Amino acid sequence: MSNTGLSTIAALVLAIAAVPAGADQITDIKTEAGEKFFHKECYRCHSVNADRDSYGPLLTGVVGRRAGTQDGYPYSEALAQAGFVWTPGALKAWMMDNDGFLPGTKMRHVGISDPTVLDFIVSYLGSISD
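Residues numbered from 1 in each chain as written. Predicted model: local features only at pLDDT ≥ 70, side-chain atom pairs only at ≥ 80, totals over all residues. Heavy atoms only, no water.

Visitor: Can you walk me through the nonpolar core in this structure?
Guide: Residues Leu79, Phe84, Trp86, Leu91, Met95, Ile121 and Leu125 are the most contacted members of the largest nonpolar core, which totals 25 residues. Of all the secondary-structure elements, those providing two or more residues to this core are helix 2 (23–41), helix 4 (88–101) and helix 5 (115–127). A per-element tally of this core places helix 5 first, with seven residues. What Trp86 contacts, discounting residues up to four positions off in sequence, is Val62, Val63, Gly64, Arg65, Arg66, Ala67, Gly68, Leu79, Leu91, Trp94 and Phe101. (Core = buried A, V, L, I, M, F, W, Y, C linked by side-chain atoms within 4.5 Å. Buried < 20%, exposed > 50% of the residue type's maximum accessible area, 1.4 Å probe, protein only. Helix = DSSP H or I, 4+ residues; strand = E, 2+ residues; numbered from the N terminus. Contact = heavy atoms within 4.5 Å.)

In structure tokens, the structure reads:
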């Protein structure tokens, strides 16, 4: 990860630590940071807006959805037959190493290894899945 990315993470972690707030405010901060990381890491291939075409499947509602079931998206056979549900843990494992998590899928990307970034992106995806 670049120094800019590390600086952003450090600033966000400090902001969370400095907030003498309740869980709702911390969740809001994580969600806001997650949206920024989503746009940096995922947005070139995925959309959260049904009105925007994207190469990958729409991710609105992904948390809690059975893998390979987004209407209208031509999934690989591996993902269409996977049978698991996108939980926060499954999403993190997928973002870290999708080929290792489920070989034979169409998705090609550089894995995200920073656990804080993963947590923030999953918080954002969860906020648009409720």
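Visitor: Even after reading the chapter, I still don't get the packing of aromatic side chains, so can you show me in this structure?
Guide: Any two aromatic rings considered together are summarised by their centre-to-centre distance and by the angle between their planes. What the rule picks out here adds up to nine aromatic pairs. With a centroid separation of 4.8 Å and 85° between ring planes, the pair formed by Phe84 and Trp86 is classed as edge-to-face. Just as Phe84 is buried, Trp86 falls in that class too. Put simply, the rings of Phe84, Trp86, Trp94 and Phe101 pair up and form one aromatic cluster. Over the ring of Tyr43 we find Arg52; its NZ or CZ atom is 3.8 Å from the centre of that ring. (Phe/Tyr/Trp six-rings, centres within 6.5 Å; stacked < 30°, edge-to-face > 60°. Lys NZ or Arg CZ within 6 Å of the ring centre and 35° of its normal.)

Visitor: I tried to follow helix 2 on my own but got confused; where do I start?
Guide: Taking 1.5 Å of rise per residue, the 19 residues of helix 2 would be expected to cover 27 Å, and the 26 Å separating its terminal C-alpha atoms lies within 8% of that figure. All of the buried residues along helix 2 are Thr31, Ala33, Gly34, Phe37 and Phe38. (Expected span 1.5 Å × (residues − 1).)

Visitor: Explanation requested: the packing of helix 2 against helix 5 in the structure shown.
Guide: Packed helix pairs are specified by the crossing angle of their axes together with the interaxial distance, meaning the distance between the axes. Orientation of helix 2 relative to helix 5, taken along the N-to-C sense of each, is 100°, at an axis distance of 7 Å. Compared by their axis directions, helix 2 and helix 5 come out roughly perpendicular. Within the contact between the two elements, helix 2 uses Lys30, Thr31, Ala33, Gly34, Glu35, Phe37, Phe38 and Glu41 and helix 5 uses Val117, Asp119, Phe120, Ile121, Ser123, Tyr124, Leu125 and Ser127. The residue inventory of the contact of helix 2 with helix 5, partitioned by class, reads eight nonpolar, four polar and four charged. (Axes fitted to C-alpha atoms, helices over the stretch in contact; angles between N-to-C directions. Parallel < 35°, antiparallel > 145°, perpendicular 65-115°, else oblique. Nonpolar A, V, L, I, M, F, W, Y, C, P; charged D, E, K, R; others polar.)

Visitor: Sorry, what's going on with the pattern of salt bridges here?
Guide: As a working rule, side chains carrying opposite charge can pair if their charged atoms are close by. Taken as a whole, this structure holds five salt bridges when the rule is applied. Residues Glu32 and Lys36 are paired through a salt bridge, measuring 3.7 Å at the closest nitrogen-oxygen approach. Of this pair, Glu32 and Lys36 both sit in helix 2, four residues apart, which is roughly one turn of that helix. Owing to a relative accessible area of 47%, Glu32 belongs among the partly exposed residues under this scheme. The shortest N-O distance in the salt bridge between Lys92 and Asp119 comes to 3.5 Å. In this pair, Lys92 sits in helix 4 while Asp119 sits in helix 5, placing the two residues 27 residues apart along the sequence. For Lys92, a relative accessible area of 26% gives the class partly exposed. Taking relative accessible area as the criterion, Asp119 reaches 24% and is therefore assigned partly exposed. (Salt bridge = Lys/Arg side-chain N within 4 Å of Asp/Glu carboxyl O.)

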